[in-house]
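Each chain, letter by letter, is given below.
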2 protein chains.
Amino acid sequence: MVVQLDNFFRPKSVAIVGASRNPAKVGHVIMKNMIDSGFKGKIFPVNIEAKEILGYRVYKSISAINEDIDLVIISIPAEFVLKVIGECAKKKIKDVLIVTAGFSEVGNHKLEEQLRNVLDKNKMRCIGVNCLGVFDAYHRFDTLFLPRYRLERPKAGGISFICQSGAIGSAILDIAAHKGHTFSKFISYGNATQLDESDFMEYLLQDTSTKVICLYVEGIKNGDKFFDTLKKTTAHKPVIVLKGGLTDEGMKATISHTGSLAGNKDVFFGILNQTNAIRAESLEEMFHIAELFEKKIKFENNRIQIITNGGGYGIVSTDAISASKNLKLADLSYMTVSEIKKIAPKHMNVGNPLDLLGDATTERYRDALNLTLADRNVDGILLITLYQTPLLTTEIVEVITEAHHSSKKPIIVVSTGGEFTELLSKSLMERGIPVFNFPNETINALDKVVAYEMRHKHINWNIGEKILKVKNVRPVKAKRVRPKKRK
Amino acid sequence: MVVQLDNFFRPKSVAIVGASRNPAKVGHVIMKNMIDSGFKGKIFPVNIEAKEILGYRVYKSISAINEDIDLVIISIPAEFVLKVIGECAKKKIKDVLIVTAGFSEVGNHKLEEQLRNVLDKNKMRCIGVNCLGVFDAYHRFDTLFLPRYRLERPKAGGISFICQSGAIGSAILDIAAHKGHTFSKFISYGNATQLDESDFMEYLLQDTSTKVICLYVEGIKNGDKFFDTLKKTTAHKPVIVLKGGLTDEGMKATISHTGSLAGNKDVFFGILNQTNAIRAESLEEMFHIAELFEKKIKFENNRIQIITNGGGYGIVSTDAISASKNLKLADLSYMTVSEIKKIAPKHMNVGNPLDLLGDATTERYRDALNLTLADRNVDGILLITLYQTPLLTTEIVEVITEAHHSSKKPIIVVSTGGEFTELLSKSLMERGIPVFNFPNETINALDKVVAYEMRHKHINWNIGEKILKVKNVRPVKAKRVRPKKRK
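Quick look at the structure, then. All of these numbers come straight from a predicted model, not from anything done at the bench.

1. Observations regarding the relation of the copies chain A and chain B
When chain A is fitted onto chain B, the two copies agree to an RMSD of 0.0 Å after a turn of 180 degrees and an axial shift of 0.0 Å. Both copies of the chain, as the preceding transformation shows, are related through a two-fold rotation axis. A shared binding surface is used by both copies, with 100% of the interface residues of chain A retained as interface residues in chain B.

Here is the structure:
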């Protein structure tokens, strides 16, 4: 059964228990950010002492509010939480988000257990405890208690991020917003007292604006549920997973962070493998992969053509594609080669990489793009545009955009540089084209995207002399997964 | 014998053969950039037709200039280069920089051979052909023919970059300048007609402002010379090497790029291994490692303490350090633990990672830094500062700077975020503290720095249960290196 979580992302009315006049208090910041973000619903601050906060009438308790409440956000000391939940239950409120820390992550297991029981008994849904809460880029609703000048909020797009660590979530949202990446929903869920990563995944599977799901997780509480949900989800949307607590030392740290038992990493990797989830090795990798899916990169096959105006970049990229597991260098057809030769300067070598040379003009890029995209031997373009050379005019943005719209084959841009480069890169990203800084990070992410697609479609693509054997994804229960040795 | 190359980086007088009034011509851009950068020496434009370029008197030929010339920059078609070299020889000019392409990289081996013979016969020194030339951040001298609004020039510092690919060099200079990294010298040397990577390395070994050498190389022409120079250099300065043309497909591409034969990669890796050069796997990695050396990071031993205000970041970092080859998690002494407990909030877990929690204040960071730096079990700090939380004031910059000055132990900062974060990060970098965006890229670079130091000092450091066996670096000739299988 899908957990219905709309109230957490687009509530019509919100009560904030622990709202405060003191700007240093979490309850104040949550309320202020909500008002500043232009939230159009009703806000009911709850505080036993204050009469007015930020111009809003204050209520002494949840019971004192005589109106419907979609969502209750709780930010008061741990020992008072149960009482508030009791009041919510009486008012038949179903959705609560508990920011408060001080439960099992500090050894207070009993209190968290009690809380879980009360929530379950009253059929309430709860995000938290010990979390930052949610952010919805489409409805501009968020419960993040971090000031906007310190944490930029990203624009609406297709990445959703389920994150057990609030700090990872907020830092990533901030850098992603700054670099022009776009998000749908963000969920920081801390101790997963009740709702867990599987519930959120299931919800995001139904969420049409979510194109790709990122998951940072420390411990899985219910392995079977996780396996089943992951399998169901990856059949429709890619899920990229980064696991914290892979080593003995890391595992020890997860216990005091989110009270999570990190579990056996080989079993975990086994689950990812059998469900076609994508394993990220680092935060930076996770977001490189997500960016490709967000920009709806789809490959019919795995043959990549490199186009460049920097010879060295072409060579480094050639090495990386050749050494990759799942990508192959495209082999331009005789026709395409002779067409390119007609328009190329005589000292230009036509092949893969296709080095348009340091004096490449925008026009030369246009011709190269059109001719290679039309080639049936090419499935996608790694387009290296180094904007340091003066003959590459800013019109290149239009040229790439046109090519992007005229062909179904993906174009992935790599550009390294300073302010001028960033300007053009942002402009391309706004037009839906993925842009990266360096060849290796790009090709590594592409490799994982193609691996997902191959397994997703149950295709055996020909990789040079290697034929990848893709195993069928069988419906195996998580607990039956045998530990495998990492290679 | 060391090749004396000062004339290339701080000439008192420069002739530009191929200077032009046409702003689209390379010779024009070189001259314009030289004037714009405030070059204080004499400039002699040479052009057969023009009388005046950018306000300078034009000479019909090198022979027509009746003054001393330290450096001749040549940017005319390939077929005319030999004639100009002949004139230079007559005037006893020793140093020429040939930008011109159209030699062995397009199959014109004979012309390049002739050129090399003339240069050698006249004991001339030549950078090029088919290159961008040089940049000296201290003397603000450069021959790069790329406009300043497109290619930012970095400030003076300790990284020098020998780069066979002009495009890689210029793109990296641009992004490095933008991010606040600092450089000493940059050399784009193209086909290495005469002077090669070994000559430049030897020169940079003597250059006191160069603290670390980066090398992007496609083909080594003289293996013995390369081996000997590398060995000599790494005994004093770290050399980080990225090789283009590691795969069969990449090798093919190097031939038409710089006319280089890429050679056997296993022999190449064998040379790096035996000379204690650091192998970079990508451009991004190369500059992460270089940044650490540039900031003069020195480890007495390999035990790293993690301090963080984001639990998830602490866990990811713990995993990465535990999984690294050469780093170890520091084990805080009983004394330090009890001192920290005195000042820490009661729910804070004191260990490694040391999670100062989301409500960490600047003061809590100061205490944690001072106490852990004083611990004899700690050799360096991985300091994660996520600036999204409001209690971490901008004074943190002063706190980190003070700690940096008060202790010899390195502090490496990791901060992920948008504009606010970048502001604080740049400020720290200007004060000599290395700052990175993500934990994994940082720890990976640290790992390679520590590996270099260990081998450099012939130390066996204790890595948990593994004892790394460091082989003596023996004076083996490159040609005797046997191909090894990559692991």
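2. Comments concerning the pattern of salt bridges
A complete count under the given rule lists 54 salt bridges over all chains for this structure. With a shortest N-O distance of 3.0 Å, A:Glu291 and A:Lys295 are connected by a salt bridge. A single burial state applies to A:Glu291 and to A:Lys295, both of which are buried. A salt bridge links B:Glu339 to B:Lys342; the shortest N-O distance between them is 3.1 Å. Here B:Glu339 pairs with B:Lys342, and both are found in helix H12 (residues 334-343), just three residues apart, close to one helical turn. Given a relative accessible area of 30%, B:Glu339 falls into the partly exposed group. Classification of B:Lys342 as exposed rests on a relative accessible area of 64%. Three or more residues joined by partner-sharing salt bridges are found here, namely A:Arg279, A:Glu281, A:Glu285 and A:Lys448.

3. Some thoughts on the sheet that holds strand E12 (residues 212-217) of chain B
All names here are of chain B. The seven strands are arranged E9-E8-E11-E10-E12-E13-E14 in an open sheet whose pairing can be described as mixed. Only two strands of the sheet have a single neighbouring strand rather than two, namely strand E9 (141-142) and strand E14 (278-279). In this structure, strand E10 (residues 155-163) lies alongside strand E11 (residues 182-188), joined through six bridges in parallel fashion. Bridged to Phe-161 within E11 is Phe-186.

4. Thoughts on the interface of chain A and chain B
Buried accessible area, meaning the area lost when the parts come together, often serves as the stated size of an interface. Contacts between chain A and chain B engage 69 residues on the former and 69 residues on the latter. For the pair chain A and chain B, the summed buried surface comes to about 5000 Å²; carbon and sulfur atoms form 66% of the total. Looking only at chain A, the three residues that lose the most surface to chain B are A:Arg150, A:Ile315 and A:Gln388, adding up to 15% of its buried area. Counting the contacts that link chain A with chain B gives zero salt bridges. Our count for the contact surface shared by chain A and chain B stands at 28 residue pairs in polar contact (both at pLDDT 80 or more). Contributing elements (two or more residues each) for the side of chain A that touches chain B: helix H5 (166-179), strand E13 (239-243), helix H8 (248-258), helix H10 (283-294), helix H11 (311-323), helix H15 (419-430) and helix H16 (439-456) of chain A. Broken down by element, the side of chain A that touches chain B gets its largest block of residues, nine residues, from H11(A). In the side of chain A that touches chain B, the residues fall into 29 nonpolar, 27 polar and 13 charged.

5. Digging into helix H7 (residues 223-234) of chain B
All names here are of chain B. Helix length check: H7, at twelve residues, gives a terminal C-alpha distance of 16 Å against a target of 16 Å (1.5 Å per residue), a fit within 8%. Among all positions of H7, only Phe-226, Phe-227, Thr-229, Leu-230, Thr-233 and Thr-234 are buried. Summarising the contacts, the buried residues of H7 are in contact with helix H6 (197-206), E12, strand E13 (239-243), helix H9 (265-275) and helix H16 (439-456). The N-terminus of H7 is capped by Asn-222, whose side-chain oxygen sits 3.3 Å from the backbone nitrogen of Asp-224.

6. Observations concerning the packing of aromatic side chains
Any aromatic ring pair is given by two values, namely how distant the centres are and how the planes are angled relative to each other. If you walk through the whole model with that rule in mind, you get 22 aromatic pairs over all chains. Ring geometry for A:Phe161 against A:Phe287: centres 5.3 Å apart, planes inclined by 70 degrees, an arrangement best described as edge-to-face. Of the two residues, A:Phe161 is situated in strand E10 (residues 155-163) and A:Phe287 in helix H10; the sequence distance between them amounts to 126 residues. Taking the centre distance of 5.8 Å and the plane angle of 20 degrees together, the rings of B:Phe226 and B:Phe268 count as stacked. Placement of the pair is B:Phe226 in helix H7 and B:Phe268 in helix H9, with a sequence separation of 42 residues. Accessibility assignment for this pair places B:Phe226 and B:Phe268 in one class, buried. A network of ring pairs unites the aromatic residues A:Phe161, A:Phe183, A:Phe186 and A:Phe287 as a single cluster.

7. Remarks on the nonpolar core
Ranked by size, the top nonpolar core spans 212 residues in total, and within it A:Ile127, A:Phe161, A:Ile240, B:Ile127, B:Phe161 and B:Ile240 carry the most contacts. In contact with A:Ile240, not counting residues within four places along its chain, are A:Val212, A:Ile213, A:Cys214, A:Leu215, A:Ile278, A:Ala280, A:Met286, A:Ile289, A:Ala290 and A:Phe293.

8. Quick notes on the pairing of strand E18 (residues 380-384) of chain B
All names here are of chain B. By the criterion of burial, E18 is predominantly enclosed, with five of the five residues buried. Side-chain alternation along E18 places Gly-380, Leu-382 and Ile-384 on one buried face and Ile-381 and Leu-383 on a second face that is also buried. Sheet topology note: the strand E15 (residues 303-308)/E18 ladder contains four bridges and is parallel. By the bridge assignment for E18, Gln-305 is matched with Ile-381. Relative to strand E19 (residues 411-414), E18 runs parallel, the two being bridged by four bridges. Bridge pairing in E19 links Leu-383 to Val-413.

9. A short note on unusual backbone geometry
Put simply, A:Asn352 and A:Pro353 share a cis peptide bond, and its omega is 10 degrees. Within the secondary structure layout, A:Pro353 lies in the loop between helix H12 (334-343) and strand E17 (354-355). The residue A:Lys92 is not glycine, and still its phi comes out positive at about 60 degrees. Along the polypeptide, A:Lys92 turns up in the loop between helix H3 (81-90) and strand E6 (95-98). Residues other than glycine seldom take positive phi values, yet B:Arg140 does so here, at roughly 50 degrees.

What counts as what
Residues numbered from 1 in each chain as written. Chains lettered and ligands numbered in written order. Predicted model: local features only at pLDDT ≥ 70, side-chain atom pairs only at ≥ 80, totals over all residues. Heavy atoms only, no water. Least-squares fit on C-alpha atoms with pLDDT ≥ 70 in both. Contact = heavy atoms within 4.5 Å. Salt bridge = Lys/Arg side-chain N within 4 Å of Asp/Glu carboxyl O. Buried < 20%, exposed > 50% of the residue type's maximum accessible area, 1.4 Å probe, protein only. Helix = DSSP H or I, 4+ residues; strand = E, 2+ residues; numbered from the N terminus. Pairing = 2+ DSSP bridges. Buried area = accessible area lost by both parts, 1.4 Å probe. Polar contact = N/O pair within 3.5 Å; in protein donor to acceptor, adjacent residues only side chain to side chain. Nonpolar A, V, L, I, M, F, W, Y, C, P; charged D, E, K, R; others polar. Expected span 1.5 Å × (residues − 1). Phe/Tyr/Trp six-rings, centres within 6.5 Å; stacked < 30°, edge-to-face > 60°. Core = buried A, V, L, I, M, F, W, Y, C linked by side-chain atoms within 4.5 Å.

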